[in-house]
Amino acid sequence: MTVQEIHAQAVVAASARLGAGVKVGAYAVIGEEVELGEGCVVHPHATIGGPSRFGRNNIFYPYSSVAGDPQDITFRGERTELVCGDGNTFREYVSISRGTVKGGGITRIGSGNLFLAASHVGHDCNVGSNTLFVNGATLAGHVTVEDFVTVGAFCPVHQFCRLGRYAYIGASTVITQDVPPFSLIVTERGTKCYGINTIGLERKGFSPERLKSLQQAFRLLLRSKLNTSQALNKMREQMAGSEDVQELVRFIEAAQRGIVK
């Protein structure tokens, strides 16, 4: 391995210990008592707090904030830690908190985890290995995440919950209880279509005639007793002269995941 490559405009505390081959970009900040193992890469503007210990080949992307103070109202600056394994990736705006004294003092993260943009791991959590945190996934304090778990986009997990091995949590699912291993957990999908975007279309210059045709089409699609195929046939028959309606028909016919109704 080569020696460290530290940009002249990076800030590295005197007590930080950097292994061979570590790269630190411009404006990155590495705090007191941070230990980075061989091959870690700290991109520009990333921040790593301490005390914290990291294994080899971890990657910190711009604006990630890893091993910061716990977001806990009782924290008074006590010495607490983050301990992290090898080969983890912390994407943009990821935040990982150190532990609290009352929670044992240590947040732990295993190896091979991928934390996508804006995901968060709270204080005193214990995250295993080979997990995936999708954008905006959030752990409150004291959560345990076992190996190979996927936490979907914008999923909040309540404090003290446990997520069992190989569990998959779908996007926007609120977790307030333990998730069994091997399970698929998804919140109910209540998304509905309520008709055309009348005000928006008016602002874009749609004439009353165009709006009327689209309103008729959406009534067939949403409020008649026809299924989607039958509604499309009616649109072709009754509104063949409306380019807007024909565009709607073509779009629905090309849908491979269904449409919101």
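In case you missed it, the structure is sitting above this.
Undergrad: Looking at this structure, I do not really get the nonpolar core. What am I missing?
TA: Grouped burial of nonpolar side chains is what soluble globular proteins tend to show. Leu36 and Phe54 are the most contacted members of the largest nonpolar core, which has 42 residues in total. Contributions of two or more residues to this core are made by strand E6 (34-36), strand E11 (65-68) and strand E12 (81-84). Residue contacts for Phe54: discarding those within four places in its chain leaves Val34, Glu35, Leu36, Gly37, Ile48, Phe60, Val66, Ala67, Leu82, Cys84 and Gly85. Residues Cys193, Leu201, Leu221 and Met235 belong to the second largest nonpolar core, which totals 17 residues.

Undergrad: Mind showing me how you'd approach the packing of aromatic side chains here?
TA: Counted according to the given criterion, the structure contains seven aromatic pairs. Ring geometry for Phe54 and Phe60: centres 5.2 Å apart, planes at 85°, overall edge-to-face. Considered together, Phe54 and Phe60 belong to a single accessibility category, that of buried residues. Measuring from ring centre to ring centre gives 5.3 Å for Phe90 and Phe115, while their planes differ by 5°; the resulting arrangement is stacked. Of this pair, Phe90 sits in strand E13 (residues 89-90) while Phe115 is found in strand E16 (residues 114-115), placing the two residues 25 residues apart along the sequence.

Undergrad: Help me understand the sheet that holds strand E23 (residues 156-157), please; the structure alone is not making it clear to me.
TA: Two strands in a sheet stick together by hydrogen bonds in their backbones, pointing the same way (parallel) or opposite ways (antiparallel). The strand order E2-E5-E8-E11-E14-E17-E20-E23 describes an open sheet built from eight strands, whose pairing is parallel. At either end of the open sheet lies a strand with only one pairing partner, and these are strand E2 (11-12) and E23. When E11 meets strand E14 (residues 95-97), the two strands line up parallel, connected through three bridges. Its bridge partner lying in E14, Gly68 is registered against Ser97.

Undergrad: Looking at this structure, how should I read the environment of Ala46?
TA: With respect to the secondary-structure elements, Ala46 resides in the loop between strand E7 (41-42) and strand E8 (47-48). Using a relative accessible area of 0% as the deciding quantity, one classes Ala46 as buried. Along the backbone, Ala46 and Thr100 are 54 residues apart, and their C-alpha atoms lie at a distance of 23 Å. Beyond its immediate sequence surroundings of up to four residues, Ala46 is in contact with Tyr27, Ala28, Val29, Phe60, Tyr61, Pro62, Tyr63 and Ser64.

Undergrad: When you look at the sheet that holds strand E22 (residues 150-151) in this model, what are you seeing that I'm missing?
TA: If you walk across this open sheet you meet the ten strands as E1-E4-E7-E10-E13-E16-E19-E22-E25-E26, and the pairing is parallel. Strand pairing shows two members of the sheet lacking a second neighbour, strand E1 (5-6) and strand E26 (184-185), which therefore form its edges. Judged from the two bridges that link them, E22 and strand E25 (residues 168-169) form a sheet pairing that is parallel. The partner of Val151 across the bridge, within E25, is Ile169.

Undergrad: How should the packing of helix H3 (residues 228-238) against helix H4 (residues 243-253) be read in this particular structure?
TA: When two helices pack together, you describe them by how their axes are tilted relative to each other and by the distance separating the axes. Packing of H3 against H4 brings their axes to within 10 Å, and their N-to-C directions diverge by 150°. Here H4 runs roughly antiparallel to H3, going by the angle between their axes. As H3 runs across H4, the sense of the crossing is left-handed. Contacts from Thr228, Leu232, Met235 and Arg236 of H3 reach H4 at Val245, Gln246, Leu248, Val249, Ile252 and Glu253.

Undergrad: I'm lost on unusual backbone geometry in this one. Help?
TA: Excluding glycine, residues mostly carry a negative phi; peptide bonds, for their part, are mostly trans. With an omega dihedral of 5°, the bond running from Gly50 to Pro51 counts as a cis peptide bond. For Pro51, the position within the fold is in the loop between E8 and strand E9 (52-54). Positive phi, close to 70°, is recorded for His142, a residue that is not glycine. If you trace the backbone, His142 turns up in the loop between strand E20 (138-139) and strand E21 (144-145). A relative accessible area of 16% places His142 in the buried class.

Undergrad: How do you make sense of helix H2 (residues 208-222) when you look at a structure like this?
TA: Given 3.6 residues per helical turn, the α-helix brings residues three or four places apart onto the same face. Its 15 residues place the ends of H2 21 Å apart at the C-alpha level, agreeing with the 21 Å of an ideal helix rising 1.5 Å per residue. Where H2 is concerned, the buried positions are Leu211, Ser213, Leu214, Ala217, Phe218, Leu220 and Leu221. In this structure, the buried residues of H2 make contact with helix H1 (198-203), H3 and H4.

Undergrad: How should I be thinking about the state of the cysteines in this particular structure?
TA: Working definition of a disulfide: a covalent bond connecting the sulfur atoms of two cysteines. Evaluation of the coordinates by the stated rule reveals zero disulfides. Unpaired in this structure, Cys125 has its nearest cysteine sulfur neighbour in Cys161, at a distance of 10 Å. Relative accessible area serves as the criterion here: at 1%, Cys125 is assigned to the buried category. No disulfide involves Cys155; its nearest neighbouring cysteine sulfur is the one of Cys161, lying 12 Å away. Take Cys155: its relative accessible area is 1%, and that puts it in the buried class.

Scoring rules and cut-offs
- Residues numbered from 1 in each chain as written.
- Predicted model: local features only at pLDDT ≥ 70, side-chain atom pairs only at ≥ 80, totals over all residues.
- Heavy atoms only, no water.
- Core = buried A, V, L, I, M, F, W, Y, C linked by side-chain atoms within 4.5 Å.
- Buried < 20%, exposed > 50% of the residue type's maximum accessible area, 1.4 Å probe, protein only.
- Helix = DSSP H or I, 4+ residues; strand = E, 2+ residues; numbered from the N terminus.
- Contact = heavy atoms within 4.5 Å.
- Phe/Tyr/Trp six-rings, centres within 6.5 Å; stacked < 30°, edge-to-face > 60°.
- Pairing = 2+ DSSP bridges.
- Axes fitted to C-alpha atoms, helices over the stretch in contact; angles between N-to-C directions.
- Parallel < 35°, antiparallel > 145°, perpendicular 65-115°, else oblique.
- Left-handed = near helix turned anticlockwise from the far one by under 90°.
- Expected span 1.5 Å × (residues − 1).
- Disulfide = S-S within 2.5 Å.

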